[in-house]
Amino acid sequence: FRRRKGSRIITCIDLKSTMIILKCIIPIIFCYQQVDAFSVPRHISVLRKVETSVAPVVNKNYFPKVFSSLPIPALTETDTLTPENVAISPAAQWHQRRRKEMISKYSTEILSLEQQSHGLFVGLPLLCLSNLALLYLSIQCAVLSVPETLLLAFPASIFSLWQLQILHDALHSSLLPKPTLKDPSKVMRAIIKHRKKLQNTILFWGSLPSAFGYYLYLKYGHLTHHKSLGDPDNVSLAKVFNSPKKYFEDGDVLFTAHRMKLLGDIGPTFHVKWPKELQLKMSISRLGFSFWKEGSPLRNSLAFISSFMFERLMLIFNDFVVAVAGKNFFFPNKPKEFHDECAQYCKIAVLFRLALCVFAKSWKPLLFLYFAETLWSIPPHPACAMFITNHGSSQDEKDGCIPSSSTYTGRWYSLLTLGTNYHVEHHDFPTIPLHKLGKLRKIAPEFYRGGDKDNIFDIMKKTFSHPQFYACMNSNIDL
């Protein structure tokens, strides 16, 4: 009904009728619209506020239960950080379909795990522990020889892996408490209120100490990876390096290029004007991969180690160049905002590294950090097995080509890798903290492989013997 007040008309709506209508509309949106839950977080947030505001007025019999079961992903997810990347690759759609099937079957358990879990009391203390351990050990390396530094960095590299994965949780908004947390305390409410700012602060400063760091990859390349992995039309080295977009089309292609088959042209492309004008294309990763030979795991692993370690060494020097020049020349077409943020981080990171070396009166702290950030990614480190196999092109009679894989080697391996081995689970539900992904596998066991007896050395041997295409980019995925 309407009533006039001055020159304004105030429309009053029957709250009971409105809630009943919304109860019917929301399931239709999720069932029939070709989007997943991550594309409409703001709408659900608004509806939750409506639910809260009308709860004292509306009879509970009219109250739609659907609102309490709908997930609200953090607004720092791909909907806000990567507005340029809207299209979803076939591999991402494969995970999207699985997510919808699992929610339809185990909605109560899965949505509770997704909405209520966070890493504040697990991930944040471990991040502090890892960074302090890296800082202390790097200083102690000042009195060690180079071989001793290498031997120390091999087991200590797990701290660098933990640093990466906890920052990764912060990026996915699963480190801090979520707005969906039930009955939050006063402290929790304060954290939730300033959540986005805190996440960005943790992501920036939590990536130190480091030799080349994970911050720039995480901020500009990882969220797009969840939408574009294995996209045969949009994911190539040429597009990643030469794109004018602020965010990488898929940041993970920078790693997989060292060990997997890819479609598309190489990059970056440099425009040389002397002695004559020409375009020069180069790729350290693809040069290393060109030495691979089918069925030769030792040769291929050595080629991978060489190209990967050399490229990471170049990243250290590139940080110095970016800090001085104020521009990342490997990405010449990206907007000024990208280069300014790169320069800001590189200046602080370089100053931190120089201060560390001055304090230790040695260059070996930087050497230790370089080894710590690379050794967990290459054989024979146990963590290498899950890193090199997370997005292959395995064939299955039921599902066709499978673009992601997990490594199940028992509880201790999951603890060692901090849950990074649950990679299929992570892509199915990116906002569940890594240390909770094992529970997801128990909730929906029919969606994942059984057993915990994967042999990590057999995995490495097979991967380096027969390289696959990245995330089924050359195959048809059964959607």
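Residues numbered from 1 in each chain as written. Predicted model: local features only at pLDDT ≥ 70, side-chain atom pairs only at ≥ 80, totals over all residues. Heavy atoms only, no water.

A. The overall build of the protein, seen in detail. Across its full length, the protein carries 21 helices and six strands. Out of the 479 residues in the protein, the part that is buried amounts to 54%. Within the protein, contacts between residues at least 6 apart in sequence are counted, and of these 75% link residues at least 24 apart. Total accessible area on the protein is roughly 23,100 Å²; 63% of this is exposed by carbon and sulfur atoms. (Helix = DSSP H or I, 4+ residues; strand = E, 2+ residues; numbered from the N terminus. Buried < 20%, exposed > 50% of the residue type's maximum accessible area, 1.4 Å probe, protein only. Contact = heavy atoms within 4.5 Å. Areas by Shrake-Rupley, 256 points an atom, 1.4 Å probe, with all protein chains shown as cover.)

B. Quick peek at the pattern of salt bridges. With the rule as written, the count across this model stands at 12 salt bridges. When the shortest N-O distance is used, the salt bridge between Glu341 and Lys219 registers 3.2 Å. Here the residue Glu341 occupies a position in helix 15 (residues 336-360), and Lys219 occupies one in helix 10 (residues 215-228), the gap between them amounting to 122 residues. Here Glu341 makes a salt bridge to Lys246, at a shortest N to O gap of 3.5 Å. Here Glu341 is found in helix 15, whereas its partner Lys246 is found in the loop between helix 11 (237-242) and helix 12 (253-256), with 95 residues between them in sequence. Judged by relative accessible area, which is 17%, Glu341 ranks as buried. For Lys246, a relative accessible area of 10% corresponds to the buried category. Look at the salt bridges and you will find they share partners, linking Lys219, Lys246, Glu337 and Glu341 into a network. (Salt bridge = Lys/Arg side-chain N within 4 Å of Asp/Glu carboxyl O.)

C. Looking closely at the packing of helix 6 (residues 123-140) against helix 15. Where helix 6 contacts helix 15, the two axes come as close as 9 Å, and the packing angle between them is 45 degrees. In terms of orientation, helix 6 lies oblique with respect to helix 15. Classified by chirality, the crossing of helix 15 by helix 6 is right-handed. The segment helix 6 lies against helix 15, with Leu135, Ser138 and Ile139 engaging Phe352, Leu356, Phe359 and Ala360. Across the contact of helix 6 with helix 15, the residue classes break down as six nonpolar, one polar and no charged. (Axes fitted to C-alpha atoms, helices over the stretch in contact; angles between N-to-C directions. Parallel < 35°, antiparallel > 145°, perpendicular 65-115°, else oblique. Left-handed = near helix turned anticlockwise from the far one by under 90°. Nonpolar A, V, L, I, M, F, W, Y, C, P; charged D, E, K, R; others polar.)

D. Quick look at a nonpolar patch on the surface. A cluster of nonpolar side chains, namely Phe310, Leu313, Met314 and Phe317, defines an oily patch on the protein surface of about 350 Å² accessible area. For Phe317, the location among the structural elements is in helix 14 (residues 297-325). (Patch = residues over 30% accessible without salt bridge, like charges linked within 9 Å, V, L, I, M, F, W, Y side chains within 5 Å.)

E. Structural detail: the packing of aromatic side chains. On inspection of all chains with the given rule, the structure shows 23 aromatic pairs. Measuring from centroid to centroid gives 6.5 Å for Phe212 and Tyr214, while their planes differ by 80 degrees, and the two rings are edge-to-face. Each member of the pair, Phe212 as well as Tyr214, carries the same accessibility label: buried. Chaining the aromatic ring pairs together yields one cluster made of Tyr217, Phe255, Phe289, Trp292, Phe304, Phe308, Trp376, Phe387 and Phe464. The lysine or arginine in question, Arg259, covers the ring of Phe387, its NZ or CZ lying 4.8 Å from the ring centre. Note that Lys334 overlies the ring of Phe338, its terminal NZ or CZ placed 5.6 Å from the centroid. (Phe/Tyr/Trp six-rings, centres within 6.5 Å; stacked < 30°, edge-to-face > 60°. Lys NZ or Arg CZ within 6 Å of the ring centre and 35° of its normal.)

F. Geometry of the state of the cysteines. For the structure shown, the criterion picks out one disulfide. Two residues share a disulfide in this structure: Cys401 and Cys472, whose sulfurs sit 2.0 Å from each other. Taking the sign of the S-S torsion, about -90 degrees here, the bridge from Cys401 to Cys472 comes out left-handed. Note that Cys401 is positioned in strand 6 (residues 400-402) and Cys472 in the segment after helix 21 (456-465), a separation of 71 residues in sequence. In this structure, Cys401 and Cys472 share a single accessibility class: buried. (Disulfide = S-S within 2.5 Å.)

G. Geometry of helix 6. The terminal C-alpha atoms of helix 6, which comprises 18 residues, lie 25 Å apart, in line with the 26 Å expected from a rise of 1.5 Å per residue. Looking only at helix 6, the buried set comprises Gly123, Leu126, Leu127, Ser130, Asn131, Ala133, Leu134, Leu137 and Ser138. Mapping the buried residues of helix 6 onto a view down its axis gives an arc of 160 degrees, with all of them on the same face. The outward face of helix 6, more than 90 degrees from its buried face, is lined by the exposed residues Leu132 and Tyr136. (Expected span 1.5 Å × (residues − 1). Arc of directions from axis to C-beta.)

Remember, this is a structural readout, not a statement about activity or role.
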